[in-house]
Amino acid sequence: MTYDQALHMAMVWGAQLVVDIVVFVLTLWKSSQLRTRGYSNLVDIFMRDGAMYFAVISAVNAGNIAVLIVASNPMRGLTGGIANVLSAVMISRLVLNLRACSMEVPGLLSVHLSTRGDGSLAPQVGQC
């Protein structure tokens with residue numbers, strides 16, 4: 001990968017970092033509003049895991065940008081795969097913890113599938 005190509009890749013990763021920052025700030029803002037409506041347990045878990053996701057992904061993206069700009073040619077593409085894998089792991093953790101919390105919080109709307117008499121699945125909207 002040439003230096004110009006690495007610079008373009010660094011700009012793409014930088015744009016992703018900016019989007020992550022914007023989403024995190026908007027999430028903080030919305031969470032502060034939801035906390036006053038009684039969803040404090042769900043908001044606490046979302047903020048804990050969301051902050052962890054943001055910290056890990058931001059650090060990995062910043063490291064990836066630094067490697068793309070500073071490293072020698074064979075090392076430039078090394079951290080892209082690590083960033084993608086960590087992103088998938090962290091978002092899975094966030095979603096699974098939110099799902100577990102939503103099962104414990106009464107009053108959250110969910111959709112359950114049940115079987116009909118003929119064996120087909122039918123969605124039913126209900127409470128957790």
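Residues numbered from 1 in each chain as written. Predicted model: local features only at pLDDT ≥ 70, side-chain atom pairs only at ≥ 80, totals over all residues. Heavy atoms only, no water.

### Some thoughts on the UniProt feature "transmembrane region" (unreviewed entry) in the protein
So, point 1. Cross-referencing UniProt, the feature "transmembrane region" (unreviewed entry) maps to residues 6–29, 50–71 and 77–96 in the present numbering.
So, point 2. Note that residues 6–29 is 100% helix and 0% strand, and that its end C-alpha atoms are spaced 35 Å apart.
So, point 3. Its end C-alpha atoms 30 Å apart, residues 50–71 is made of 95% helix and 0% strand. (UniProt positions renumbered as here; feature names shortened; annotations may be inferred. Helix = DSSP H or I, 4+ residues; strand = E, 2+ residues; numbered from the N terminus.)

### Some remarks on the packing of aromatic side chains
So, point 1. Applying the stated rule across the entire model yields one aromatic pair.
So, point 2. Aromatic pair Phe 24 and Phe 54: ring centres 4.3 Å apart, planes at 5 degrees, arrangement stacked. Within this pair, whereas Phe 24 is found in helix α1 (residues 3–35), its partner Phe 54 is found in helix α2 (residues 40–70), the two being separated by 30 residues in sequence. (Phe/Tyr/Trp six-rings, centres within 6.5 Å; stacked < 30°, edge-to-face > 60°.)

### Things to note about the nonpolar core
So, point 1. If you look at the biggest cluster of nonpolar residues, it comprises eight residues: Ala 6, Ala 10, Trp 13, Leu 17, Val 60, Ile 65, Leu 68 and Ala 83.
So, point 2. Put simply, the parts of the chain that give this core at least two residues each are α1 and α2.
So, point 3. Examining the composition of this core, we find that four residues originate from one element, α1, more than from any other.
So, point 4. Aside from chain neighbours lying at most four places away, what touches Ala 83 is Trp 13, Val 60, Asn 61 and Asn 64. (Core = buried A, V, L, I, M, F, W, Y, C linked by side-chain atoms within 4.5 Å. Buried < 20%, exposed > 50% of the residue type's maximum accessible area, 1.4 Å probe, protein only. Contact = heavy atoms within 4.5 Å.)

### Re the environment of Ala 6
So, point 1. Note on placement: Ala 6 falls in helix α1.
So, point 2. The buried category is assigned to Ala 6, whose relative accessible area is 0%.
So, point 3. Remark: the alpha-carbon pair of Ala 6 and Val 70, spanning 64 residues in sequence, is separated by 9.5 Å.
So, point 4. The contact partners of Ala 6, leaving out residues within four places of it in the chain, are Met 1, Leu 68 and Arg 76.

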